[in-house]
Amino acid sequence: MEKNMPVALKTVDHVEITTLIDNYVDLLLPPSDIVTRPPIIKAGKIMADTLLAEHGLSLLVTVYQGETKHTILFDTGYTKVGVLHNIEQLGIDLEAIEAIVLSHGHMDHTGSLYAILDQLPGPIPLVVHPGAFHHPRFTRGPDGSLRQWPQTLIRDDLERTNAKIIESKTPILIADNL
């Protein structure tokens, strides 16, 4: 796509965002008119397993236009455990995911990418800013020391998976321009 070219999105009927992982979960919050929460009770009994929370983010974004729907995975959380566990708990069909979009290259947004790719059939677009591959990444401690993060986004490793890497510094259209 040319630099500074306008991006024309199609109008959708509605958008559904499923939080697969974030920093907080409160199992006792009730649903509302705009938020559906997973049940904690099945057949009158509190379930033995539930959703996990962890530092990081992963969202399943589904857009609807008439009878058409498109689903993307936005970020993949911190560990190899949380997102896949929650996908199973929520009964989400991984085959519905048409593309994966990474907001940036930090581990708390890319941590379960490879584990998810291992479970997806066929090639899948992976939209990423070229800077996401930059390594090393550091956090500065209170004493000023640098703490290096593990490298979770490795181009050579991704090229050996079913990911079709799409690098872009500007917005691109996916999911039938919805």
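Everything numeric here is computed off the predicted structure, so don't read it as measured data. (Residues numbered from 1 in each chain as written. Predicted model: local features only at pLDDT ≥ 70, side-chain atom pairs only at ≥ 80, totals over all residues. Heavy atoms only, no water.)

Once that is clear, we can look at the pairing of strand β7 (residues 124-128). A regular strand places its side chains on the two faces of the sheet in alternate fashion. Counting buried positions along β7 yields 4 of 5 residues, so the element is predominantly enclosed. In this structure, strand β6 (residues 97-101) lies alongside β7, joined through 2 bridges in parallel fashion. By the bridge assignment for β7, V101 is matched with V127. Looking at chain direction, β7 and strand β10 (residues 163-167) are connected through 5 bridges and run parallel. Of the residues in β10, the one forming a bridge with L126 is I165. (Buried < 20%, exposed > 50% of the residue type's maximum accessible area, 1.4 Å probe, protein only. Helix = DSSP H or I, 4+ residues; strand = E, 2+ residues; numbered from the N terminus. Pairing = 2+ DSSP bridges.)

This part takes up the pattern of salt bridges. The tally for this structure, following the rule as stated, stands at 3 salt bridges. One salt bridge in this structure joins E167 and R155, with 2.3 Å as the shortest N-O distance. Highlighted residues: E167 in strand β10 and R155 in helix α4 (residues 155-159), separated in sequence by 12 residues. (Salt bridge = Lys/Arg side-chain N within 4 Å of Asp/Glu carboxyl O.)

Turning our attention to a nonpolar patch on the surface. Together, V25, L27 and L28 line one region of the surface with nonpolar side chains, adding up to about 260 Å² of accessible area. Looking at the secondary structure, you find L28 in the loop between β1 (14-21) and β2 (41-42). (Patch = residues over 30% accessible without salt bridge, like charges linked within 9 Å, V, L, I, M, F, W, Y side chains within 5 Å. Areas by Shrake-Rupley, 256 points an atom, 1.4 Å probe, with all protein chains shown as cover.)

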